[in-house]
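The lines below spell out each chain.
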Amino acid sequence: MAALRTYIIVRTLMTIPIVFTLLTIVFIILRVMPGDPITAMVGMKAPPEYIERLKEEAGLNKPYHVQYVNYILGIIRGDFGRSLIWGKRPVLAEILDHLPATIELTIFGFIVSIIIGLITGTVAGVKCYTKVDTTLRLYSIIAYALFIPWLGMMFQLIFGVYLKILPIGGRIDPGLTVGWNTVTGLYVLDGIITGRYDIVLNALQHLILPSLTLGIVLSGAYTRLVRANMIDVLSQDFIRAARARGLSELKVLRHALKNAFIPILTMMGLQFAILLTGAVLTETTFSWPGMGTFLLERIKYVDYTTIQGTIVFFAIFVSVVNLVVDILYALIDPRIRY
Amino acid sequence: MNIGFELIRKMLAPWLKEASLMLKLGLAIVITIIALSITAPLLTQYSPIIKVGDALRPPSTKHLMGTNNLGYDMFSRILYGGRTVLTVVVSATLLSMCIGVPLGLISGYYGRIVDRIFSIIMDSMYAFPSLILALAIAAVLGPSMVNAIIAIAVVYIPTYFRMVRGQTLSIKSLLYVEAAKAIGARDLRIIIKHILPNLLPTIIVVFTMNIADAILTEAGLSFLGFSVPPPTPDWGADLRAGHEYLLAGYWWLVAFPGFMIMLLAAGFALVGEGLNDILSLRGAEKR
Amino acid sequence: MRKTLLAIENLKVYYHTGRGVVRAVDDVSLAINRREIVGLVGESGSGKSTLGYAIVRLLPPQGKIVSGKIVLDGKNLLKLSLSEMRKVRGKEIGMVFQDPLTSLDPLQKVGDQIVETILEHVNISKKEAYDMAAKALMEVGLPPDRLDSYPHQLSGGQRQRVMIALATVLKPKLIIADEPTTALDVIVQDRIMELLASLKEELNTSIILITHDISLAAERADKIAVMYAGHLYEYAPSDEIISKPLHPYTQGLIQSIPDVFARKEIKEIKGNPPDLVNPPSGCRFHPRCPYAIEKCMRKEPAMIRINENRYVKCWLYA
Ligand SMILES: Nc1ncnc2c1ncn2[C@@H]1O[C@H](COP(=O)(O)OP(=O)(O)OP(=O)(O)O)[C@@H](O)[C@H]1O
Ligand SMILES: [Mg+2]
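Residues numbered from 1 in each chain as written. Chains lettered and ligands numbered in written order. Predicted model: local features only at pLDDT ≥ 70, side-chain atom pairs only at ≥ 80, totals over all residues. Heavy atoms only, no water.

Caption draft 1: Looking closely at the pattern of salt bridges. All told, the structure shown has 39 salt bridges over all chains when counted by the stated rule. Residues R240 of chain A and D237 of chain A are paired through a salt bridge, measuring 3.9 Å at the closest nitrogen-oxygen approach. Within this pair, R240 of chain A and its partner D237 of chain A are both found in helix 10 (residues 237-244), separated by three residues, close to a single helical turn. Its relative accessible area of 27% is what places D237 of chain A among the partly exposed residues. Between E297 of chain A and R298 of chain A there is a salt bridge whose closest N-O contact spans 2.9 Å. The exposure class assigned to E297 of chain A is partly exposed, which follows from its relative accessible area of 31%. Three or more residues joined by partner-sharing salt bridges are found here, namely R34, D73, K75, E92 and K173 of chain C. (Salt bridge = Lys/Arg side-chain N within 4 Å of Asp/Glu carboxyl O. Helix = DSSP H or I, 4+ residues; strand = E, 2+ residues; numbered from the N terminus. Buried < 20%, exposed > 50% of the residue type's maximum accessible area, 1.4 Å probe, protein only.)

So, in structure tokens, the structure goes:
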């Protein structure tokens, strides 16, 4: 147990330089790189006074080292600055408004991808080097090559435009949420908590197409991972030993899957970054009011502090998820746990 | 010493004999699309950026893939769009290879503090969602072809870095580099003559797979409005433009550009897979 | 009750590989009595494990039982359906493997693995199964609290005890132990063999002890079967085979036992075992046999019955 605690502490400390590096990279991209963001975003035609005013508001007219220190200190204090437009709300508050939508989408997309990936990967692994396997391998390549907006639009065309059985955009029918207070911001979960099953149903209907789109495209990677691990695990001694104990094939497969899953878990941190990239495209395609849609909207309105804050938030988010995945892995695998 | 070159020769020359179905299929797709975009002027009489007919016409013999909301011929836009995509993607991938490979070599060969610093930067970037990184860069630089190339190139540097660094580490520990060191070869000579050739096969595989990924990132960037400015033909941008007309049922505006993105990305992924198969088979044989 | 527990008749097991057909077990016949320990010995690659796995029909995908019979207690295992065969595995035949670490699921507590096995075969409550598992652990000399351990928390010897508990918990008629002590250090080896022998007495089972170490077999087994290149060449009671080996290969094996007390000269058998894709004609041992005559090259000798318990396959005794 002591070893586990040490591992968690060390792993957590390791996150600090990674976050720090990412913050520095974001700083360099947004402020030091040639081209200045405000001009690039507003366009050359804007009057110079206007550009100057925006720069001052965003604190971009100070020397780099001062900017950098302020930037890092702000983040450490949890101060992401204030939006430059409209209500000038704190950036963090705006981010937290949009985060649940993205999280809900990624959770469902992830579930779809892992289900498809586990089934196809297991079949391919069990039937390795057969026609079934080749077909599934082809599937994984095509799924990977699918462009998310395109797949999404094809779904919109079929289920929304022609069959008219599913909503093609948004998170929920606006009328339903009038006077309804969310708890976590995840509509399905909140609906269950507050007993509003009409909301649960409606939210699920809105989730189907986006999460299928995201899930299918990401499933290809899991098909490959599961297949490779299955082949590896199935050839191990304990599988033959399990059969020698008279276990049914289903039980043997359960032993195999559990063991094949551990290495996949270690890949999930990286997979999460891919999931977020996919979520940005899915959100745009389905007018999903999450972080991706939010970021793009603010880029359009040159809300500089919000753009920076959102990207910084993504950096921290990804690092924390990586940390959590690694700790989870240590907790699940008994060989590390004890 | 020349296993690297040997491998490439074996990989490419008799590929017809050794190539798997995957490799053949992939090459067929890739070569066809490249050929189509090069010979675009011969295949279509229409310019991709001039109104050539009524707007929003469905596919017909006159306009094979219909016309868009501005009356541009979609078939021409698809063909010429291939040029845009291939130019951006191949330049970007080459650029990140030219930066990532040397950095990986230096990091893996010299180790120590240089390696630590490079590694942490590259690992951080690698863990960051690629499209968001590219988006940030493209947004700062402004929408243009060159800027899109830079944005995509930066995103993929860590891919090469990590692969090259890892392999350099293992090759370095192999005997013959030790021997070469002992007789006083210069570092640069060791890197170029002994390490690089062994890396080449893997670099080629990574390069091909990387192009497939970059196609999707380029499409993402232009779909979000951060690649070439309109009216330059580009599949991702066309998909975005067509999205507005989707509800009205103008399916041809989105079906073709998106399909081409998938086809080209799948083509390169298949080539990468096929090459990788041959490579790992050879590896297994040697063992 | 029949005296014979397991009768293998003219068994042929071939592996279909890229290089050709590997005749790993070729026309082997062998009878094992109740309460008997039979040592199956031979050099590496002689087909011992293949024979062992063929009995429970757990050969790798390339391996096929081509012909023959495997009769356990009156029923031909090769005729059973897959689900009937599953009922035999673990229940009537227990298996103990060479490497106990890799033979246990690393992610499951050993107790759960034992319980899982019990519940697969007998219809009792989970609670009863746990009690049974605890008792099985005690039988193999482990404290019952070890039920809560993961395999990696045990020592090599303890793990092999768990394997033995797994193999014996349902009181099988036959235990197949494939090199059960090879992965363990010498002192532990002895204890494990002691345990197997005492369990045999208690449970009235028979044991097939697969080993390349003929001295180990001589010490523990009632009978010894000598395999070479897929053939069974000699089958006799242990003491007789040690004091008076008949087959030249058996003689070679015995002469190559290092003996610290007698300080006699160790003689290795010259040459290497043949490639089983292209085995030598006639007697497969003839290229290495000091007594080989012209006939040995041409014709395969038949199994010769010396007396009720003794069989040898060699032209010297025809
Ligand atoms: N999966 C397989 N595919 C092809 N050939 C195999 C396979 N398993 C075993 N063989 C071959 O069958 C022959 C017998 O192998 P087997 O493992 O039964 O020998 P063994 O007597 O148990 O040897 P050892 O003492 O090394 O365990 C060998 O020639 C081996 O190369
Ligand atoms: Mg063996």
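This is not the end of the story, as more comes after the structure.
Caption draft 2: Spotlight on the site of ligand 1. Residues and elements named next belong to chain C. In the vicinity of ligand 1 lie 16 residues, with S44, G45, K48, S49 and T50 positioned nearest. The separation between an oxygen atom of ligand 1 and a polar side-chain atom of S49 is 2.6 Å. Separating an oxygen atom of ligand 1 from a side-chain N or O atom of T50 is a distance of 2.4 Å. Taking 630 Å² as the accessible area of ligand 1 by itself, protein coverage stands at 68%. (Near = heavy atom within 4 Å. Polar contact = N/O pair within 3.5 Å; in protein donor to acceptor, adjacent residues only side chain to side chain. Areas by Shrake-Rupley, 256 points an atom, 1.4 Å probe, with all protein chains shown as cover.)

Caption draft 3: Seen up close, the domain arrangement of chain A. Residues and elements named next belong to chain A. Per the domain assignment, the segments of chain A are domain 1 (1-85 + 303-338) and domain 2 (95-300). Here the C-alpha centroids of domain 1 and domain 2 sit 27 Å apart. Across the domain 1 to domain 2 interface the summed buried area is about 1800 Å²; carbon plus sulfur atoms make up 84%. Together, F313, F314 and Y329 form the three largest contributors to the area buried by domain 1 at its contact with domain 2, with a combined 28%. Inspection of the domain 1/domain 2 interface yields one salt bridge. Between D303 and R298 there is a salt bridge whose closest N-O contact spans 2.9 Å. (Domains from an automatic or database assignment. Buried area = accessible area lost by both parts, 1.4 Å probe.)

Caption draft 4: Structural detail: unusual backbone geometry. A cis amide bond links P230 of chain B to the next residue, P231 of chain B, at an omega of 5°. One non-glycine residue with positive phi stands out, namely K171 of chain C, at about 50°. Along the chain, K171 of chain C turns up in the loop between helix 5 (156-168) and strand 7 (174-178). Despite not being glycine, E179 of chain C has its phi angle at roughly 45°, a positive value. Mapped onto the elements, E179 of chain C comes out in the loop between strand 7 and helix 6 (186-203). In this structure E179 of chain C comes out as buried when scored by relative accessible area, which is 10%.

Caption draft 5: Region of interest: a nonpolar patch on the surface. All names here are of chain A. Taken together, I107, I111, I115, I119, V123 and V132 make up a surface patch of nonpolar side chains, about 470 Å² in accessible area. Take the nonpolar patch: its biggest share by element is five residues, from helix 5 (residues 91-126). Relative to the helices and strands, V132 resides in helix 6 (residues 131-145). (Patch = residues over 30% accessible without salt bridge, like charges linked within 9 Å, V, L, I, M, F, W, Y side chains within 5 Å.)

Caption draft 6: Region of interest: the interface of chain B and chain A. Facing 47 residues of chain B, the contacting portion of chain A comprises 49 residues. Interface area for chain B against chain A, summed over the two sides, is near 4200 Å², with a carbon-plus-sulfur share of 82%. A per-residue breakdown of the area chain B buries against chain A is headed by F128, I132 and V140 of chain B, which together make up 15% of the total. Linking chain B to chain A there are three salt bridges. Between R137 of chain A and E273 of chain B there is a salt bridge, and its shortest N-O distance comes to 2.7 Å. Summed over the shared surface of chain B and chain A, the number is nine residue pairs in polar contact (both at pLDDT 80 or more). Only helix 6 (112-127), helix 7 (130-141), helix 10 (187-223), helix 11 (235-243) and helix 12 (252-286) of chain B provide two or more residues apiece to the side of chain B that touches chain A. If one sorts the elements of the side of chain B that touches chain A by residue count, helix 12 of chain B sits on top with twelve residues. Looking at the side of chain B that touches chain A residue by residue, the class counts come to 37 nonpolar, seven polar and three charged. (Contact = heavy atoms within 4.5 Å. Nonpolar A, V, L, I, M, F, W, Y, C, P; charged D, E, K, R; others polar.)

Caption draft 7: View of the sheet that holds strand 4 (residues 63-72) of chain C. Residues and elements named next belong to chain C. In spatial order, the strands read 2-1-4-5; together these four strands make up an open sheet with antiparallel pairing. Of all the strands in the sheet, just strand 2 (20-33) and strand 5 (75-76) have a single pairing partner and so form its edges. Relative to strand 2, strand 1 (residues 4-17) is paired through eleven bridges, and the arrangement is antiparallel. Counterpart to K12 in the pairing with strand 2 is D26. Most of the contacts of helix 1 (residues 48-56) go to strand 1, to which it runs at about 110°, and overall it touches strand 1, strand 2 and strand 4. (Pairing = 2+ DSSP bridges. Axes fitted to C-alpha atoms, helices over the stretch in contact; angles between N-to-C directions.)

Caption draft 8: Here's a closer look at the packing of helix 11 (residues 249-285) of chain A against helix 13 (residues 304-332) of chain A. All names here are of chain A. At a closest axis distance of 9 Å, the pairing of helix 11 and helix 13 adopts a crossing angle of 165°. Relative to helix 13, the element helix 11 is oriented roughly antiparallel. Viewed along their axes, helix 11 and helix 13 form a crossing whose handedness is right-handed. Of the residues in helix 13, those touching helix 11 at I262, L265, T266, M268, G269, L270, F272 and L276 are F314, F317, V318, V321, N322, V325, L328, Y329 and I332. Partitioning the contact of helix 11 with helix 13 into residue classes produces 14 nonpolar, three polar and no charged. (Parallel < 35°, antiparallel > 145°, perpendicular 65-115°, else oblique. Left-handed = near helix turned anticlockwise from the far one by under 90°.)

Caption draft 9: Seen up close, the interface of chain A and chain C. Taken together, the contacts link 22 residues of chain A with 24 residues of chain C. Buried area between chain A and chain C, both sides added, is near 2200 Å², and the carbon and sulfur share of it is 57%. Three residues, R240, A244 and R245 of chain A, lead the burial of chain A against chain C; their summed loss comes to 29% of the area buried on that side. E120 of chain C is paired through a salt bridge with K251 of chain A; the nearest N and O atoms lie 2.9 Å apart. Applying the counting criterion to the chain A and chain C interface returns eleven residue pairs in polar contact (both at pLDDT 80 or more). When contributions to the side of chain A that touches chain C are tallied by element, the ones reaching two or more residues are helix 10, helix 11 and helix 14 (334-337) of chain A. Top contributing element to the side of chain A that touches chain C by residue count: helix 11 of chain A, with seven residues. Grouping the amino acids of the side of chain A that touches chain C by side-chain chemistry returns seven nonpolar, four polar and eleven charged.

Caption draft 10: Up close: empty space enclosed by the protein. As enumerated under the stated definition, the model contains four cavities of 30 Å³ or more in all. H247, P248, C283, F285, H286, C289, Y291, C296, P301, C314, W315 and L316 of chain C together form the lining of the largest cavity. A breakdown of the residues in the lining of the largest cavity according to their chemical character gives ten nonpolar, two polar and no charged. Around the second largest cavity sit A241, A244 and R245 of chain A together with G90, G94, M95, F97, M163, L166 and A167 of chain C, which together line it. Of all the elements in the fold, those that place two or more residues in the lining of the second largest cavity are helix 10 of chain A together with strand 6 (93-96) and helix 5 of chain C. (1 Å grid on protein atoms, 1.4 Å probe; cavity = no way out; pocket = protein on both sides within 12 Å on 5 of 7 lines; lining within 4 Å. Points joined across faces, edges and corners; volume = space filled by probe spheres on them.)

Caption draft 11: View of the pairing of strand 6 of chain C. All names here are of chain C. Residues of strand 6 alternate between two faces, with I93 and M95 on one and G94 and V96 on the opposite face, all of them buried. Relative to strand 7, strand 6 runs parallel, the two being bridged by four bridges. If you follow M95 over to strand 7, its bridge partner there is I176.

Caption draft 12: Highlighting helix 3 (residues 21-38) of chain B. Residue and element names in this part refer to chain B. Between the first and last C-alpha of helix 3 there are 26 Å, a value that for 18 residues agrees with the 26 Å anticipated at 1.5 Å per step. Within the span of helix 3, buried status applies to M22, L23, G26, I29, V30, I33 and S37. Looking straight down helix 3, one finds its buried side chains confined to an arc of 140°; they lie on one side. The outward face of helix 3, more than 90 degrees from its buried face, is lined by the exposed residues L21, I31 and I38. (Expected span 1.5 Å × (residues − 1). Arc of directions from axis to C-beta.)

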